[in-house]
Amino acid sequence: MQFMLLFSRQGKLRLQKWYNAHPDKLKKKITRELITTILTRKPKMCSFLEWRDLKIVYKRYASLYFCCAIEQNDNELLTLEIIHRYVELLDKYFGSVCELDIIFNFEKAYFILDELLLGGEIQETSKKTVLKAIASQDLLQEEETPQGFFEDHGLG
Amino acid sequence: MNASEHGFNPSFNMATIKQVINEAVERVRMPTPMRLRDLIRQIRAARTAAEERSVVNKECAYIRSTFREEDIVWRCRNIAKLLYIHMLGYPAHFGQLECLKLIASQRFTDKRIGYLGAMLLLDERQDVHLLITNCLKNDLNSSTQFVIGLALCTLGAIASPEMARDLAGEVERLMKSPNAYIRKKAALCAYRIIKRVPELMEIFLPATRSLLSEKNHGVLITGVTLITEMCENSPDTLNHFKKIVPNLVRILKNLILAGYSPEHDVSGVSDPFLQVKILKLLRVLGKNDVDASEAMNDILAQVATNTETSKNVGNTILYETVLSIMDIKSEGGLRVLAVNILGRFLLNNDKNIRYVALNTLLRTVHVDTSAVQRHRSTILECLKDPDVSIRKRAMELSFALINTQNIRTMMKELLTFLEKADPEFKAQCSSNIVLSAERYSPNKKWHLDTLLKVLVAAGNYVRDDVITCTIQLISETTSQQAYITLQLWKALSEDVTDKQPLISVATWAIGEFGDLLLSASVEDTSDVVKPSEDEVIDLYQKLLWSPQNNTVTKQYTLTSLTKLSTRFTSTNKIQQIVSTFSSSLNIELQQRGVEFSQLFGKHESLRSALLERMPPMELNRQTDDEMQTNGESDMHEMKLDDSPQHRNTESNALLDLLGSDSSDLDIIKPNNPMPTQPVSNSNNQDLLDLLGGLDTLSVTPMTNDTTNTGIGLILENNNPIQMPITNNSNFLTGDFLSTNILSVEQDLPTLNAFDKDGLKIMFALEKMDNNTVSINVTATNNTLSNMSEFLFQAAVPKSFQLQMLSPSGTVILPNGVVTQVLRVVNPSKSMLRMRLRISYSIDGNQVQEQTEVNTFPTDIWD
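Residues numbered from 1 in each chain as written. Chains lettered and ligands numbered in written order. Predicted model: local features only at pLDDT ≥ 70, side-chain atom pairs only at ≥ 80, totals over all residues. Heavy atoms only, no water.

Under an unreviewed UniProt entry, the name given to chain B is AP-1 complex subunit gamma, and the source organism is Nicrophorus vespilloides.

By the naming in an unreviewed UniProt entry, chain A goes by AP complex subunit sigma and is assigned to Nicrophorus vespilloides. In its Sequence similarities (unreviewed entry) section, UniProt records this for chain A: "Belongs to the adaptor complexes small subunit family." (UniProt positions renumbered as here; feature names shortened; annotations may be inferred.)

Written out as C-alpha cells, the structure is:
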C-alpha cells in the first residue's frame, strides 16, 4: 500500500498515513485531487478506480470515506478486506465507532492502524491480538499518570 | 528497587514520587495548557475559515512559546495538538525537533506521541531525520516490547537509505527475537528496508527461512511478505526459495482443511489475508517454472473449488487464485477452471467483482481467447452496465474478442453501445469499430453500412482517420458506390448539425458520384427516394449557409458542389452559389469561391476534365501500425500513379514542400489523441533547414484540409490534361499573388520568381552538368527607397540538394540589384519546386514575404 486517507463527506481530512516519502506540498496536492475525484463519484459506482499509475480502493462507512492507494499488482478485493478489518478494530475499541470518535481521538486511530499495518503491509491477522496489544500500551500510558492528586496529566 | 527493574510501574517508588512533585510544582507556576479535546472543540466551533485560522494561530503561538521554555511536562499534549493542527493543513515544521525530544524521553506516553509526530511531520527529506537514528537505536534495545515495537514501526514508515543502512543490523537481530510480537514487526521492517535499499537484502536472508516454520499467523504473514519481496528483488533469491514451495502448500492446506478458528476467521474463511499472501508468493515462485508450477496445481485447484463465494472474502481468495493460475505454467484444465471462475464473477451482482473479472479477462484474453469466447454474451451484457468503469472494460474486452465468426453480432451490440456512449468513449470506440470492421468484415456492403452507422452514431467525436477510411473504401468499392451514395444522401437529409464528419463524407461521395445518385437503379434505391437535382442543390445551399457547420465541412461541400456542375445540368444555379463565396470572410472558402468561379468563367473549357471522377484509391498501409490508412496523402500518391516512380517522388516532394501540411495528413492514431505537430517539426527540419519558421504559416488542420482538396484538384487535373501553369501557381501560392500570372517562358533560362511592392526577383538558370543547375538570382529594387538587411532564403524538396553562395550585398539601392547564386543538385531528376522567404527593411518597416516557385521548366534536367 502506498497511502491511506480517511476523509469526511465534506472533504475534511481525518487521517492520513503515508508509506512512502513525499514532500509535504506533494502530499497536499495528491490528497486534494483524490478527495475531489472520489467525492464526485456516484454511490452505485464500483469501489475501484485508476488514478495516475496507482489503483485506488475506497469504501464509505457512514460519513467517512476510507481510501487506499495500492500498486498495480496488489489485490483490490483484499484491500477492501483490510479496510473492513480496520473499521472492525476501531469499532471494537471505541464501542460503536462514529466519525466524532475518530476526530477527537485521532492519535488512537493512528495507534490502532500502526498495529494492523506496518510499512503498508498487514502485520497481524488476529483481531484479538491487535486489540490486546493496544490495550497493553494504553495501560502503560495510564500507569505513568498517577491519578488522584494530579489528574489531567498526560494528553488529556 | 529501581524504576527500571520494575518497568514503568511508578507506584511506591521514591524517585517517581519526587518527579511527580516536581512536575506539580512546575504546573503551579504555569497555567495548564489547553486539552487536546478542548482545542478540537474550539476549532470545530469556528464558524468561518478566518475564525478557525485565528484560533489555530493563537494556539500555535502558544505552543511555540512552550517549546522555547522547554516544557517537559506538557510537551506531549502540545505536540498532540500540533499534530491535529497539521492535519487541518497548517504548517507544523517547528514541531519536528520537539518530537525528537519526546522520543528521547523515558515516558511511554511521550514516546508514543513523539514517534507518531515523527512519522507525520518528518519525511526523508529532512535532516532532523538523522538525529532520530540514535534514539531509534536505543529504543530498539529497550526492554519493553512496546517501545521496540514503536521504533520498528517508525523505522518502517520513514526509513531513509542512511537510516536503513545504520539500523539494518539491529532489525536483523530482532528478527530472531524470542518474542513473536517483535519478530513480526522486525520482518516487515526488514521488508521496507529492502524496498528502500535492495543491496541490504543479504543480511536478512538467514533469519528469513525460519519464519515459515512458525505457528503464529502474524509472523507467518509477515514472513511470507518479506520472502515475496526478496524473490521479486533478485532472481538468485528466487531460486533459493523455490524449495519452500512444499512448505507453502502445506501451510495453505492446513488453513483450508483446519476447522473453524475463531481468532482468524472472517465470515467462515480461515485467515484470508494469509491465504492471499501465500497464493501471491506461489505465483511469484511458479512463474516460468514448470516443476514449481506442477507442485502447486493440486492446491490451487483445491482452493478454487472449496472456497465459499457468498461473501467478498471468498471472492478475494478466488481472485488471487485465478491470478496465480494465469501467471504460472499451469495445466490446461486449471486454466479453464480459472476462466470459468471469472465467468461466474461476471454474473455476480457485486459490481466490484464484475470489474475485477473484466480487468483480469482483459489481461488474459490474448492468451486464452477460446475460453473467454464462451463468456462473450455476458461481456456484451456488461456493455449496458450503469457503472462507467465497467462499461469501459467491457468495451475493450469486446474488441479483443471480435473475430470473423462473431463480427456481425458483436458489431450490432457495439454500434448500439456507441450510440449511447459517453463522449469520452465515442472517439476510441468508433476508431476501434472501424479497425475491426476493416479486419473482419464479411463483405464490402456490410463494411460500408457499418462505417456509415459509425459516422451517424459517433457524430463529431469520430476521429479523422475514420473519414479518410470511409472515403477510401467508397472510392475503392465501385460496385457499391450508387448504393452508398444514396444511403449517405438519406443520412444527410436528416439533422446532421452535430455530425460534421458525416457531412464531409456524404458531400464528397455525392460530389463524386452525383450522376449515380440521380440515375440509381431500383436495387440500389431500396428504401431511399431518389433525389432530384434541385433537392440536392437546395440541401447543399442549406449546408453551406448553416453557421453550425464548420469550415472544413463547408470546404468539402463547396468542392463537391463544384464537381456536381459537371454531373448535373443546372450549372447556373451552382455557379451562382459558388460565386457568392468569392466574397466570403473566411479565407479558405473565399479562395475556393474565387478559383472555382474561374472554372465557370475564364476556364470554362477545363471544367469537365478537371472535375472528372477520381480513380479508385489504394489503401496504403503505413509501416506496421495496425491499418492506419493514410487517407489523404494516399489520394495524392494514387493520383500521381501514372508513372509511379517519378510521380511518387514528385508527390512526396510536393508534400514535403508543404512541410507541416504533409505530416498533418498523417492519421492520428487511435491511442494518440495529440495532433502530430512534433512529427511535422521533424519533417520540416529535414527539409526546411533554412526556413525553420516557415511552418508557422500553415499548421492548422483546417488549412491542411484546404490544401488537401486544393491539391486534389490540381492532381486530378494532372491525370488527363496538362494544365497551363497559371492555375497551379494560383493554387499553391495563394494569397495575393493570384494576379501574378507567371509567363512560362519557353526559352530556357530566366523566370520571374517574385514581384511585389517594387521588389523583383529573377532566376536565371544554367545547366552545369547532368544533375546540377545553377540559378543566378537577381533582386531588383524598383522603389525609391533603400532596401536594407535584404535576406533571401530558399528551400527545396528532400530529394534535392541546395547550395547557396553568398549574396553580393544586403542593401539594394533604388534601382539597384543584389545577386546571389544557388546551386541545385537533382539526383532523382524530379520536378523542382522551391519555397522562398525574402525579408528586408524599407523606410523603417520590416517586410517579410514568402512564396513558392513551381514554374521551373522540366527539361533543364535532361
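A. Spatial organisation of the overall build of chain B. Broken down by element type, chain B carries 40 helices and ten strands. Across the 862 residues that make up chain B, the buried fraction comes to 58%. Sequence separation of at least 24 residues holds for 67% of the intrachain contacts in chain B that already meet a minimum separation of 6. Entry remark: accessible area of chain B is about 36,600 Å², with carbon and sulfur atoms responsible for 51%. (Helix = DSSP H or I, 4+ residues; strand = E, 2+ residues; numbered from the N terminus. Buried < 20%, exposed > 50% of the residue type's maximum accessible area, 1.4 Å probe, protein only. Contact = heavy atoms within 4.5 Å. Areas by Shrake-Rupley, 256 points an atom, 1.4 Å probe, with all protein chains shown as cover.)

B. Molecular detail of the pattern of salt bridges. Under the definition given, this model contains 44 salt bridges over all chains. Overlapping salt bridges, with partners in common, bring together Glu-70, Arg-75, Glu-98 and Lys-101 of chain B in one network. (Salt bridge = Lys/Arg side-chain N within 4 Å of Asp/Glu carboxyl O.)

C. Layout of the nonpolar core. The biggest cluster of nonpolar side chains holds 254 residues, and the ones touching the most others in it are Tyr-86 of chain A together with Leu-285 of chain B. Contact partners of Tyr-86 of chain A, with chain neighbours within four places excluded, come to Met-4, Leu-15, Phe-66, Ala-109, Tyr-110, Ile-112, Leu-113 and Leu-116 of chain A. (Core = buried A, V, L, I, M, F, W, Y, C linked by side-chain atoms within 4.5 Å.)

D. Structural detail: a negative patch on the surface. Residues and elements named next belong to chain B. A cluster of like negative charges, contributed by Asp-291, Glu-294, Asp-298 and Glu-331, occupies part of the molecular surface. Examined against the element boundaries, Glu-331 turns out to sit in the loop between α17 (312-327) and α18 (332-347). According to the relative accessible area criterion, Glu-331 is partly exposed, its value standing at 47%. (Patch = residues over 30% accessible without salt bridge, like charges linked within 9 Å, V, L, I, M, F, W, Y side chains within 5 Å. Lys, Arg positive; Asp, Glu negative; His and termini not counted. Charge placed at Lys NZ, Arg CZ, Asp CG, Glu CD.)

E. Examining the side chain of Thr-507 of chain B more closely. All names here are of chain B. Looking at the secondary structure, you find Thr-507 in helix α28 (residues 500-518). With relative accessibility at 0%, the residue Thr-507 sits in the buried group. Among residues more than four places away in sequence, those in contact with Thr-507 are Leu-492, Tyr-540, Leu-543, Tyr-556, Thr-557 and Ser-560.

F. Structural detail: unusual backbone geometry. Phi at Ser-96 of chain A takes a positive value of approximately 55°, unusual for a residue other than glycine. Following the sequence through the fold, Ser-96 of chain A ends up in the loop between α2 (76-94) and α3 (99-104). Using a relative accessible area of 60% as the deciding quantity, one classes Ser-96 of chain A as exposed. Phi angles above zero are rare outside glycine, and Asn-288 of chain B is one such case at about 60°. Structurally, Asn-288 of chain B is set in the loop between α15 (272-286) and α16 (290-306).

G. Quick peek at the sheet that holds strand β3 (residues 48-51) of chain A. All names here are of chain A. Read across the open sheet, the five strands follow the order β2-β1-β5-β4-β3; overall the sheet is antiparallel. A single partner strand is all that each edge strand has here, and the edge strands are β2 (13-18) and β3. Across the sheet, the mean angle separating the axes of adjacent strands is 20° when strand polarity is ignored. Here strand β1 (residues 3-8) pairs with β2 via five bridges, running antiparallel. (Pairing = 2+ DSSP bridges. Axes fitted to C-alpha atoms, helices over the stretch in contact; angles between N-to-C directions.)

H. Representation of the packing of α15 of chain B against α17 of chain B in the model. Residues and elements named next belong to chain B. Two numbers describe how α15 lies on α17: the axes approach to 9 Å, and their chain directions differ by 5°. Here α17 runs roughly parallel to α15, going by the angle between their axes. Only Val-313, Thr-316, Ile-317, Glu-320, Thr-321, Leu-323, Ser-324 and Asp-327 of α17 make contact with α15, whose side of the interface consists of Pro-272, Gln-275, Val-276, Leu-279, Lys-280 and Arg-283. Of the residues assigned to the contact of α15 with α17, the class counts are six nonpolar, four polar and four charged. (Parallel < 35°, antiparallel > 145°, perpendicular 65-115°, else oblique. Nonpolar A, V, L, I, M, F, W, Y, C, P; charged D, E, K, R; others polar.)

I. Highlighting empty space enclosed by the protein. Under the defined criterion, the tally for this structure stands at ten cavities of 30 Å³ or more. When its volume is computed, the largest cavity comes out at roughly 190 Å³. Around the largest cavity sit 14 residues that line it, and Asp-74, Leu-78, Ile-82 and Glu-121 of chain A together with Lys-277 of chain B are the ones nearest its centre. The set of elements that each furnish at least two residues to the lining of the largest cavity consists of α2 and β7 (121-122) of chain A together with α15 of chain B. Residue classes in the lining of the largest cavity are distributed as six nonpolar, three polar and five charged. (1 Å grid on protein atoms, 1.4 Å probe; cavity = no way out; pocket = protein on both sides within 12 Å on 5 of 7 lines; lining within 4 Å. Points joined across faces, edges and corners; volume = space filled by probe spheres on them.)

J. Quick look at helix α1 (residues 24-39) of chain A. All names here are of chain A. Here α1 contains 16 residues, and its C-alpha end-to-end distance of 22 Å stays within 8% of the 22 Å for a straight helix at 1.5 Å per residue. Of all the positions in α1, only Lys-27, Ile-30, Thr-31, Leu-34, Ile-35 and Ile-38 are classed as buried. An end-on view of α1 places all buried positions within 125° of arc, on one side of the element. For α1, the exposed residues lying more than 90 degrees away from the buried face are Lys-25 and Arg-32. (Expected span 1.5 Å × (residues − 1). Arc of directions from axis to C-beta.)

K. Quick look at the sheet that holds strand β6 (residues 787-795) of chain B. All names here are of chain B. Strand order in this open sheet of three strands is β6-β9-β10, and the pairing throughout is antiparallel. Edge positions in the open sheet fall to β6 and β10 (845-853), since each of these has one partner strand only. Averaged over neighbouring strand pairs, the angle between their axes works out to 15° when direction is ignored. Taken together, the seven bridges between β6 and strand β9 (residues 834-842) define a ladder with antiparallel strand orientation. The residue bridging Ala-795 from the neighbouring strand is Arg-835, located in β9.

L. Local environment of the pairing of strand β4 (residues 759-767) of chain B. Residue and element names in this part refer to chain B. Note that strand β3 (residues 750-756) and β4 share six bridges and pair antiparallel. Each bridged residue has a counterpart across the sheet, and for Asn-752 the counterpart in β4 is Met-762. As consecutive antiparallel partners, β3 and β4 are separated by two residues, and within that stretch Asp-757 has a phi angle of approximately 55°, a positive value. Two elements, β4 and strand β5 (residues 772-781), share nine bridges in a ladder whose sense is antiparallel. Note on β5: the bridge partner recorded for Phe-763 is Val-777.

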